[in-house]
Amino acid sequence: MPITTHAFILMDKNGAIIGRIVSAGLTPRVQGAFIPTIEFSKYESVFSKFAHAANNMLFTHTDEIQTKIDRMDFYVIRDDQPAAKLKVKGLQVMEGEAIFELQQPLNLSPTPTS
């Protein structure tokens, strides 16, 4: 049975490409090799703090940092479906790997104002 790989492009809320994730499968959680771009340097410290907290089993601190990361509104697009922007939750980047959960597609239409 051949292994199917999926490539995702990780983007920040401003549309900057943060990195590329190559995953061996799609489940509720996606995990794969993370290849950062220069734009990742803007976020590297928060992911380093998360890894440090997780490695030292500082679970309350880990939860606080994860909440902060989730509020940064990262999303991914797939190489084979570039028009579909998928929100991610639980994004972790550690030791050359990324893991996250795929959420609903982002609403790209403008929000009506009253």
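Each residue is numbered by its place in its chain's sequence as written, counting from 1. Side-chain atom pairs in this predicted model are given and counted only at pLDDT of 80 or more, local residue features only at pLDDT of at least 70, and totals for whole chains, interfaces and linings cover all residues. Computation of side-chain values: all heavy atoms of the structure, hydrogens and water removed.

When accessible area is computed with a 1.4 Å probe and restricted to protein chains, residues below 20% of their type maximum are described as buried, those above 50% as exposed, and intermediate ones as partly exposed. Secondary structure elements are taken from DSSP: a helix is a run of H or I of four residues or more, a strand is a run of E of two residues or more, and numbering for both begins at the N terminus. Side-chain alternation along strand 4 (residues 75–78) places Tyr75 and Ile77 on one buried face and Val76 and Arg78 on a second face that is also buried. Pairing of strand 1 (residues 6–11) with strand 4 involves four bridges; the strand directions are antiparallel. Within strand 4, the position partnered with Met11 by the bridge is Tyr75. Pairing of strand 4 with strand 5 (residues 81–94) involves four bridges; the strand directions are antiparallel. The residue bridging Arg78 from the neighbouring strand is Gln81, located in strand 5. Between strand 4 and strand 5, which pair antiparallel one after the other, the connecting turn spans two residues. Here a strand pair is declared whenever DSSP counts at least two bridges between the two strands.

Another aspect to go through is the confidence of the model for the protein chain. Mean pLDDT over the protein chain: 86, with 84% of residues reaching 70 or higher. Note that residues 108–114 has pLDDT below 50 and, in this model, two contacts with residues that lie over four places away or in other chains. As a per-residue measure, pLDDT tells how confident the predictor is, with possible values from 0 to 100. Only heavy atoms matter for contacts: two residues are in contact if any of them lie within 4.5 Å across the pair.

A few words now on the nonpolar core. Residues belong to one nonpolar core when they are buried, are Ala, Val, Leu, Ile, Met, Phe, Trp, Tyr or Cys, and are joined through side-chain atoms within 4.5 Å. Counting residues in hydrophobic clusters, the biggest one holds 23 residues, and the most contacted among them are Leu10, Phe34, Phe47, Ile69, Phe74, Leu91 and Phe100. Secondary-structure elements contributing two or more residues to this core are strand 1, strand 2 (17–23), strand 3 (29–36), helix 1 (44–55), helix 2 (59–70), strand 5 and strand 6 (97–105).

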